[in-house]
Amino acid sequence: DIQSIDDAVRNIIGGIERLLQDTIYLKRCRNSLNAFGSLPAEILLEIFRWCPQKKKKIKDQCFAFSQVCHRWREVAISDATLWTTPDLFRPNLAEDIFKNRSAQLPLHI
C-alpha cells in the first residue's frame with residue numbers, strides 16, 4: 001500500500017542522510033590528521049593574515065582559505081579582523097558576510 005511505500009522512502013532518505021553525516025565526520029577526521037589540520041588556530045590566523053586578497057572579479061575568490069576544510073573555516077570566521085576589508089566587486093557579500101563577520105570592527109574600503 002501507499003503508506004508502506006512512503007515509510008520505506010522515508011527510511012531510505014533517513015539512511016542517506018545518516019551516510020552523508022558520517023561522510024562529513026570522516027572527512028573532518030581525515031583532515032585533522034594532516035600537518036596543516038593540526039596547526040594551532042593562532043598559527044593558521046597568522047598565515048591567513050599574510051595571504052594576499054585578490055581584488056579580481058572572480059566568483060568565490062574572497063577568502064578561499066575559509067573554504068578549504070571545516071576547521072579552517074571555523075578559524076577564519078572566528079577572527080573578525082580578517083573580515084574588515086570587503087570585496088567591492090561583490091557588494092552583496094560586503095553587507096551580508098563582511099559586515100556580520102567583522103563584528104564591531106570598522107570596515108576598510
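Right, let's walk through the structure included here. (Residues numbered from 1 in each chain as written. Predicted model: local features only at pLDDT ≥ 70, side-chain atom pairs only at ≥ 80, totals over all residues. Heavy atoms only, no water.)

Looking only at helices and strands, the protein features 4 helices and 0 strands. Helices (α) and strands (β) of the protein occur, in sequence order from the N terminus, as α-α-α-α. Relative to its 109 residues, the protein shows a buried fraction of 24%. The long-range share in the protein, meaning contacts at least 24 apart out of those at least 6 apart in sequence, stands at 47%. If you sum the accessible surface of the protein, you get close to 8200 Å²; carbon and sulfur atoms cover 61% of it. (Helix = DSSP H or I, 4+ residues; strand = E, 2+ residues; numbered from the N terminus. Buried < 20%, exposed > 50% of the residue type's maximum accessible area, 1.4 Å probe, protein only. Contact = heavy atoms within 4.5 Å. Areas by Shrake-Rupley, 256 points an atom, 1.4 Å probe, with all protein chains shown as cover.)

With the rule as written, the count across this model stands at 3 salt bridges. For Asp7, the salt bridge is made with Arg10, and the minimal N-O distance between the two is 2.7 Å. Of this pair, Asp7 and Arg10 both sit in helix α1 (residues 2–33), separated by 3 residues, roughly a single helical turn. As a salt-bridge pair, Arg49 and Glu46 come within 3.6 Å of each other at their nearest N and O atoms. Note that Arg49 and Glu46 are positioned in helix α2 (residues 41–50) at a spacing of 3 residues, about one turn of the helix. By relative accessible area, Arg49 is classed as partly exposed at 40%. A network of salt bridges, in which partner residues are shared, links Glu46, Arg49 and Asp79. (Salt bridge = Lys/Arg side-chain N within 4 Å of Asp/Glu carboxyl O.)

Ranked by size, the top nonpolar core spans 10 residues in total: Leu44, Leu45, Phe48, Phe65, Cys69, Trp72, Val75, Ala76, Leu82 and Trp83. When contributions to this core are tallied by element, the ones reaching two or more residues are α2 and α3 (70–78). (Core = buried A, V, L, I, M, F, W, Y, C linked by side-chain atoms within 4.5 Å.)

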